[in-house]
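A closer look at the structure
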Amino acid sequence: MSAEVKLDNHNAAPLAAHPTEKKRPIFEALKSMISSKTSLIGLILIVLLILVALFASFLAPHDPTQGDLFSRYKSPSGAHWLGTDELGRDILSRLIYGSRISIQVGLIAVGIALVIGTFLGAISGFFGKWLDMLVMRVIDILMAFPSILLAIAIVAVMGKGLTNTMIAVGIVGIPQFARIVRSSVLSVKESEYIEAARAGGARQFRVLFRHVLPNCMAPIIVQTTLSIGTAILDAAGLSFLGLGVQPPKPEWGAMLDAGRAALQTAPWVVIFPGLAILITVLGFNLLGDGLRDAFDPRTKK
Amino acid sequence: MKRKQYVMILALIMSLLLIATGCSSGKDAATQDNGNGGTTAADNSKSNGNKTLVFGRGADSVQLDPSKVTDGESMYVTNQIYDTLVRYKQENTEVKPALATDWQTSDDGKVWTFHLRKAVKFHDGTDFNADAVVYNFKRWTKSADFVYYGYMFGASKDNMKGIISDVEAADDYTVKFTLSEPNAPFLQTLAMPPFGIASPTAIKKYGDNYFKHPVGTGPFIFDSWVKDDKITLHKNKEYFGQVADVDKVIFRVIPDNSARFMELQAGTIDVMDGLNPEDMQKVTDDSNLKIVSRPSMNVAYMAMNTSKKGPMSNKKVRQAINMAIDKKKLMSLYQGIGKEAKNPMPPSLWGYNDDVKDYSYNVEEAKKLLAEAGYGDGFTMNLYTMTNPRPYMPQPKLTAEAIQQMLKDVNIKVNIVENDWDTHLAKTEDGEHDAALMGWTGDNGDPDNFLYVLLDKDNAKKGSAGNIAFYKNDQVHDLLKKGQITMDQNDRTEIYKQVQEIVHNDAPWVPIAYTTPPMAVNKKVMDYVPHPTGSEPFNYIKLK
Amino acid sequence: MINYIIRRLLLLIPVFIGVSLLAFSLLRLIPGDPAKSMLGNKATAAQLQSLRLELGLDDPLPVQYKDYMEDVFQGDLGYSIKSHDSVLEEISTRLPATLELSVVALIFAIVIGVLAGIISAVKRNSWFDHVSMTGALFGVSMPIFWLGLMMIWLFSVTLHWLPPSGRLSVGVHLQLITNIYLLDSLLTGNWQAFKDSFEHILMPALALGTIPMAVIARMTRSSMLEVLNQDFIRTAHAKGLAKYLIIFQHALKNAFLPILTVIGSQFGFLLGGAVLTETIFSWPGVGRYVYQSILSRDYPVVQSTILIIAVLFVLINLITDILYKYFDPRIRYD
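Residues numbered from 1 in each chain as written. Chains lettered and ligands numbered in written order. Predicted model: local features only at pLDDT ≥ 70, side-chain atom pairs only at ≥ 80, totals over all residues. Heavy atoms only, no water.

Attention now moves to the environment of proline 212 of chain C. All names here are of chain C. Structurally, proline 212 is set in helix α9 (residues 191-228). A relative accessible area of 0% means that proline 212 is categorised as buried. Once the C-alpha coordinates of proline 212 and arginine 8 are considered, the two residues, 204 residues apart in sequence, prove to be 26 Å apart. Setting aside residues up to four positions removed in sequence, proline 212 forms contacts with Ala109, Gln266, Phe269 and Leu270. (Helix = DSSP H or I, 4+ residues; strand = E, 2+ residues; numbered from the N terminus. Buried < 20%, exposed > 50% of the residue type's maximum accessible area, 1.4 Å probe, protein only. Contact = heavy atoms within 4.5 Å.)

Next up on the list: the UniProt feature "transmembrane region" (unreviewed entry) in chain C. Residue and element names in this part refer to chain C. Within the UniProt annotation, "transmembrane region" (unreviewed entry) is assigned to residues 9-30, 101-122, 134-155, 201-220, 255-281 and 301-324. Measuring from the first to the last C-alpha atom of residues 101-122 gives 31 Å, for a span that is 100% helix and 0% strand. Across residues 134-155, helical content stands at 86% and strand content at 0%; the span's end C-alpha atoms are separated by 23 Å. (UniProt positions renumbered as here; feature names shortened; annotations may be inferred.)

As a further point, take the sheet that holds strand β9 (residues 230-235) of chain B. Residue and element names in this part refer to chain B. Read from one edge of the open sheet, seven strands run β8-β9-β10-β1-β11-β19-β12, paired in mixed fashion. Each edge of the open sheet is held by one strand with a lone partner, namely β8 (220-226) and β12 (289-293). Sheet topology places β12 next to strand β19 (residues 518-522); five bridges connect them, and they run antiparallel. What sits directly across from serine 293, in β19, is proline 518. (Pairing = 2+ DSSP bridges.)

A word on the confidence of the model for chain C. Looking at chain C as a whole, the pLDDT averages 83, with 92% of positions reaching at least 70. Across the interfaces of the predicted complex, the ipTM metric reaches 0.87, alongside a pTM of 0.83. (pLDDT = per-residue confidence, 0-100.)

Right, let's get into the interface of chain C and chain A. It is common to report an interface's size as the accessible area lost on association of the parts. Each partner contributes residues to the interface: chain C has 51 residues there, and chain A has 43 residues. The junction of chain C with chain A conceals about 4300 Å² of combined surface from both sides, 83% of it contributed by carbon and sulfur atoms. In this assembly, chain C and chain A are joined by one salt bridge. Here arginine 218 of chain C makes a salt bridge to aspartate 289 of chain A, at a shortest N to O gap of 2.1 Å. Taken together, the connections running from chain C to chain A amount to five residue pairs in polar contact (both at pLDDT 80 or more). Contributing elements (two or more residues each) for the side of chain C that touches chain A: α1 (2-28), α6 (127-140), α7 (144-158), α9, α11 (243-280), α12 (286-295) and α13 (299-327) of chain C. Top element by residues in the side of chain C that touches chain A is α11 of chain C. It accounts for 13 residues. Partitioning the side of chain C that touches chain A into residue classes produces 41 nonpolar, eight polar and two charged. (Buried area = accessible area lost by both parts, 1.4 Å probe. Salt bridge = Lys/Arg side-chain N within 4 Å of Asp/Glu carboxyl O. Polar contact = N/O pair within 3.5 Å; in protein donor to acceptor, adjacent residues only side chain to side chain. Nonpolar A, V, L, I, M, F, W, Y, C, P; charged D, E, K, R; others polar.)

Counting 168 residues, the largest nonpolar core has Ile152, Leu256 and Ile277 of chain A together with Val19, Phe145, Ile152 and Ile201 of chain C as the members making the most contacts within it. Residue contributions to this core peak at 18 residues, all from α9 of chain C. Excluding residues within four positions of it along the chain, isoleucine 152 of chain C makes contact with Leu263 of chain A, Met262 of chain B together with Val157, Pro164, Met203, Ile280 and Phe281 of chain C. Core analysis: the next-biggest nonpolar cluster, separate from the first, contains 164 residues, Ile81, Ala303, Ile321 and Ile541 of chain B among them. (Core = buried A, V, L, I, M, F, W, Y, C linked by side-chain atoms within 4.5 Å.)

Bringing the UniProt feature "domain: ABC transmembrane type-1" (unreviewed entry) in chain A into the picture now. Look at the UniProt record and you will see "domain: ABC transmembrane type-1" (unreviewed entry) annotated at residues 99-288 of chain A. Annotated as residues 99-288 of chain A, this span is 81% helix and 0% strand, and its ends, taken at the C-alpha atoms, are 19 Å apart.

Turning next to the domain arrangement of chain C. All names here are of chain C. Domain annotation of chain C identifies domain 1 (2-73) and domain 2 (87-327). The centre of domain 1, based on its C-alpha atoms, is set 32 Å off from the matching centre of domain 2. Across the contact, 22 residues belong to domain 1 and 17 residues belong to domain 2. Carbon and sulfur atoms make up 74% of the surface buried where domain 1 meets domain 2, a total of about 1800 Å² over both sides. Taken together, domain 1 and domain 2 are joined by one salt bridge. The salt bridge involving aspartate 321 is made with arginine 8; its shortest N-O contact spans 2.6 Å. Contributing elements (two or more residues each) for the side of domain 1 that touches domain 2: α1, α2 (34-39) and α4 (61-73). (Domains from an automatic or database assignment.)

Residues and elements named next belong to chain B. Positionally, glycine 58 belongs in the loop between β1 (52-57) and α2 (72-81). Among the residues examined, glycine 58 registers a relative accessible area of 29% and is labelled partly exposed. Remark: the alpha-carbon pair of glycine 58 and threonine 399, spanning 341 residues in sequence, is separated by 21 Å. Those residues in contact with glycine 58, other than ones at most four positions away along the chain, are Glu73, Val253, Ile254, Pro255 and Arg260.

Pasting the structure below:
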């Protein structure tokens, strides 16, 4: 489900194309980002999410894994604000604890994609020739599969569970990073400044990691933020299919799946986890959009 | 790009929008008028009547040749198309004449003679006779594909015939079976739908593709099969038994339980299998629908792997776990379709031992037993479960999670390992588990089909275990073996009662529930009588 | 141009080899015994062994791969372990269902997305712009499996407007030609079937099309804005051309290319998203089929289906790339 991400390939190259002509400090970008209303909303949503995750044990009114079988599918009330689920557990508490899993999945999966994808893209773009050819073919192969299908296959091989879900979603995200970093590196490495460093006899890897990559940070940061949203969506999709996070962990996608059987009689079991996913992903997308606009000189008013 | 192209695009947009708006104003999504509305029929229905019964179910049939498959969804359909030598009565597992009108056993129980019904024709017009029966039995022993044959008649690769050493046609309408040893459930077994008699001509004609062109003698004739969508049958007007009231039967695949239920509510299907327990109340509230319960001939249980070193091999631990599980609470997951179980076979079967007193729920007593066994501080165990609902366990995931919560109270930490049904079977048969949720639906209404299959040491071989508790008790084994060759039912009852007592004490299982699986049925469907074995012929059903 | 296409086609060869190798080996690693899943829990060890021999499951992996590829090049995609039917036949009934769903979803996405994008760009900062762009933001963040369930809850459970599952109602008859129901009903002039299958496809296609729709709307808006600000549009305005003519003839023409790329990239998303959508709406397509086959380790099915999906996906990308080159005057075909 890496839908919106692909859109950014289009913008990534141009904004990395002028890295040296006007070095835009990250602070300035952040400032202009906060001044935009939408990205501020995104930032607030994410900060709230992190706070909820951090203070889950204070905020949650009930134990998220213990329930009473005699009070299954109770509708929202004073005792259970969002009702109870199929095992009589408090849905609000499960949503609150579930935020931890979502953040964890988002960060670690994207971390995997970021590290491997950036490395592959960087060496591919920087060294070119056969290495570029090889890496790009591997990327082509990965991209020949619809991402969710590839993730399903990987999980099917490695087994279900939180760790493997993160790995699968991470692997699926690698091509995006590799392509974006490669195209940025390609344009940056032609600049006079880098040519000078290479001519000055600096070691290749040193030039790449010290001088080239730092100049590609803008698209990487934007891609990272947007990817977290996508990763959370993908992981929730996997859990919804029963392949991701396993019970009794309160993962949002898995909660949705478990609640499906009662769609007619207890819709709240389905409604709230979906809203939680939607709002979280929305937060990351807003923030990512804001960052992109802030980094991109063209959209500056 | 030319202007013309834009005009085209615009036109397309407009027409789509028009259709979209026109459509959302429509009222009833599904109309059930038959034949007259549509121009041409995809299926080549040969009957002129218009009483159609639509049966909604969760999965498609695998093959329509019962000698190649084991899944219930295939059997449901083949049970309409084929007849067996004898059939079960409509409401229980007593047998009645079908393709055979009467039969005799020799005194030693080794020779069975069946007299066949005359003037019966297969759907392809060929004659049913003794040669056809012999042909089918010979065919079944030619490949190892027929799982039920191997399993019911003890056939193996080296002995493809199993206990049936010979089948011969004494005359045109008499068949003689010679068994290598007496077999008490033999007649019961012959009534199982897998042993349906197929047309030899059709088998030869279609070869490897026979399973897509089934031809039997049954109350319904095969029309067409759209994979993963529907199978259509029409009635056999020349059926020797009760000719069906419905003209046409459609088996429709709707994998999701909730979606299937919505189709039932909308009136697009008439009967549904696999109702979510959550939706039971909705059925009762709906004036058009009713619940029809399948009589109970099953048991759901948690098997504990007695062959594993550690806590599970300790009888006291197993008894403690029996006490730590609150079955009354578990029953709330069954929404009224389940009864607490205490024996490894259901009370609807003869030989059930009602004198066994179940372990009662008692956390303190369980803790004491665990301490005596040396596990006072608890331990960690895994619990294998399947993702797919089963007739005896409508909510396996939730059942596992509930047990996980309950055992936490006696300091046992449970890790749930969830697999789809096939994988679950493979893994538990390999003995990977500490404990596993499982269940069994009886095949032929004989206690042997529960106790021997599920608890005898013969069936505790890794890789193909029916006895996934790997429970090995020689006394039980001797009793069960004796039960198989004893022909007198009273003597057998005593044997099986004794077995249940021993098993209760050794506690290789936590018996969980006997269920009456519910089917939701439109009220216009009358006289629908579900059979305990899991499928029933539809020729008795009446449509209003 | 021809050279470009040939070069691109040559580049596909390593991709196909890699894809087939990946599909093949991934599944061999899945734990579990396919022979057992085929015969069920009542099979004896001997029965299992003879089936394994029959399927060649005990051969070394390279041999199995070689055999498989030879078969594929002869047009034999193998037999399903579960159903015994040829994979080609199994797929040929399901692929049209998935293509129908994806194409209708894409049509919804393009029509609604492009329209919303254009209007938003032309009426920048109007209420319509704000509403549709907020909608688009929610759209790109949407868990479509949840959206699907919500639609069912609203339109099927509560309002009883639309059928919750399947492709066609039972009582409705349709002569099948292509297995694409909407097309077949048009070809046979069967309006009842057309209406019925349209009602069935409406919800799943909208759910599946939501994310692409949102992406396309945003993309259209931003490319249109860029173009609308350019000199030649202002000149056109100054010349007094009718407003809709300006928009459609000039502006959309220039915004067309970036939109084309998005559409191409979204098709892959649609094929993947079909797994979730088809599961929720009981749509008998290839997405749900491959997912179920993975779970039941039906090797031949998964291998060949994944191969076909990947080939399809790669070809669609190729076509969009070629179209892009064809329509973009700035790019020369080297």
